[in-house]
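Secondary and tertiary structure notes
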Amino acid sequence: DTEVTQTPKHLVMGMTNKKSLKCEQHMGHRAMYWYKQKAKKPPELMFVYSYEKLSINESVPSRFSPECPNSSLLNLHLHALQPEDSALYLCASSQEKQGADTQYFGPGTRLTVL
Amino acid sequence: GEDVEQSLFLSVREGDSSVINCTYTDSSSTYLYWYKQEPGAGLQLLTYIFSNMDMKQDQRLTVLLNKKDKHLSLRIADTQTGDSAIYFCARPNSGYALNFGKGTSLLVTP
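In this text the structure is predicted, and so the values were computed from the model without any measurement.

Conventions we followed
Residues numbered from 1 in each chain as written. Chains lettered and ligands numbered in written order. Predicted model: local features only at pLDDT ≥ 70, side-chain atom pairs only at ≥ 80, totals over all residues. Heavy atoms only, no water. Helix = DSSP H or I, 4+ residues; strand = E, 2+ residues; numbered from the N terminus. Buried < 20%, exposed > 50% of the residue type's maximum accessible area, 1.4 Å probe, protein only. Contact = heavy atoms within 4.5 Å. Areas by Shrake-Rupley, 256 points an atom, 1.4 Å probe, with all protein chains shown as cover. Pairing = 2+ DSSP bridges. Axes fitted to C-alpha atoms, helices over the stretch in contact; angles between N-to-C directions. Disulfide = S-S within 2.5 Å.

Structural notes on the overall build of chain B
- Per the secondary structure count, chain B includes 0 helices and 11 strands.
- Each helix (α) and strand (β) of chain B, taken in turn from the N terminus, gives the series β-β-β-β-β-β-β-β-β-β-β.
- Dimensions of chain B, computed from C-alpha atoms along their principal axes, come out at roughly 40 × 30 × 20 Å.
- The buried share among the 110 residues of chain B stands at 43%.
- Within chain B, counting contacts between residues at least 6 apart in sequence, those at least 24 apart form 52% of the total.
- Of the roughly 5,400 Å² of accessible surface on chain B, a fraction of 50% belongs to carbon and sulfur atoms.

Listed below in structure tokens is the structure:
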């Protein structure tokens, strides 16, 4: 099974709201990723967790706050977002860090910020 | 220039073969990947090829790798309307991320 699940599928929020995106995998993968994808563009890496520790933060604004409660779960907490943050947020996982391992993506959360 | 480059659009008739091309500049990658993204969906891993291989076939999909020219291609035989999607070529960089091409939009017409 190579499934990564994400909830919710769609999210609409105002600029003053606080919300969270959730991602789960049960493949025993130890690296998990958040990507942001704007329309008609490739995904852009935001964060990488390796063995439940934050390994990479690609200069993402602090209004995005990742959390990895355990090896199967990855959250992205959202607060005071801007309309330009509207995008598809993709979670991925792989067996190890550092990129020779195949990344499996979830279906994404379509976020709209009003 | 970009590390990974792809043509942006391809249109084929149903039943024909599709060939999507990709070029890259850094030859240090161990793997090269093809992902498929249908409208409104996430990325589905289609196939990958290890850098010491020249070709990999998986049912209707054939991947060709020319390491000398740093050229990767994905051939889809007997293309169906359900193959209409965006196809991303990707390679791991020295860190954690995948370097993606801009994606090729494949349109299959009846």
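There is more to say after this.
Considering unusual backbone geometry
Residue and element names in this part refer to chain A.
- The omega torsion of the bond from Thr7 to Pro8 falls at -10°, within 30 degrees of zero and hence cis.
- Of note, the phi angle at Ser59 is positive, near 55°, even though the residue is not glycine.
- For Ser59, the location among the structural elements is in the loop between strand S6 (53–57) and strand S7 (64–70).

Some thoughts on the sheet that holds strand S1 (residues 4–7) of chain A
Residue and element names in this part refer to chain A.
- Ordered by their spatial adjacency, 4 strands build an open sheet running S1-S3-S8-S7, and the pairing between neighbours is antiparallel. Strands at the two margins of the open sheet, each flanked by one partner only, are S1 and S7. Strand-to-strand twist across the sheet, computed as the mean angle between neighbouring axes with direction ignored, equals 20°.
- Relative to strand S8 (residues 73–79), strand S3 (residues 18–25) runs antiparallel, the two being bridged by 7 bridges. Of the residues in S8, the one forming a bridge with Lys22 is Asn75.

Focus: the state of the cysteines
- Applying the stated criterion across every chain yields a total of 2 disulfides over all chains.
- Note that Cys23(A) is cross-linked by a disulfide to Cys91(A), the S-S spacing being 1.9 Å. With the S-S dihedral at roughly -70°, the linkage between Cys23(A) and Cys91(A) falls on the left-handed side. Placement of the pair is Cys23(A) in strand S3 and Cys91(A) in strand S9 (residues 87–94), with a sequence separation of 68 residues.
- Judged by its relative accessible area of 0%, Cys91(A) falls in the buried class.
- Sulfur-sulfur distance for the disulfide between Cys22(B) and Cys89(B) comes to 2.0 Å.

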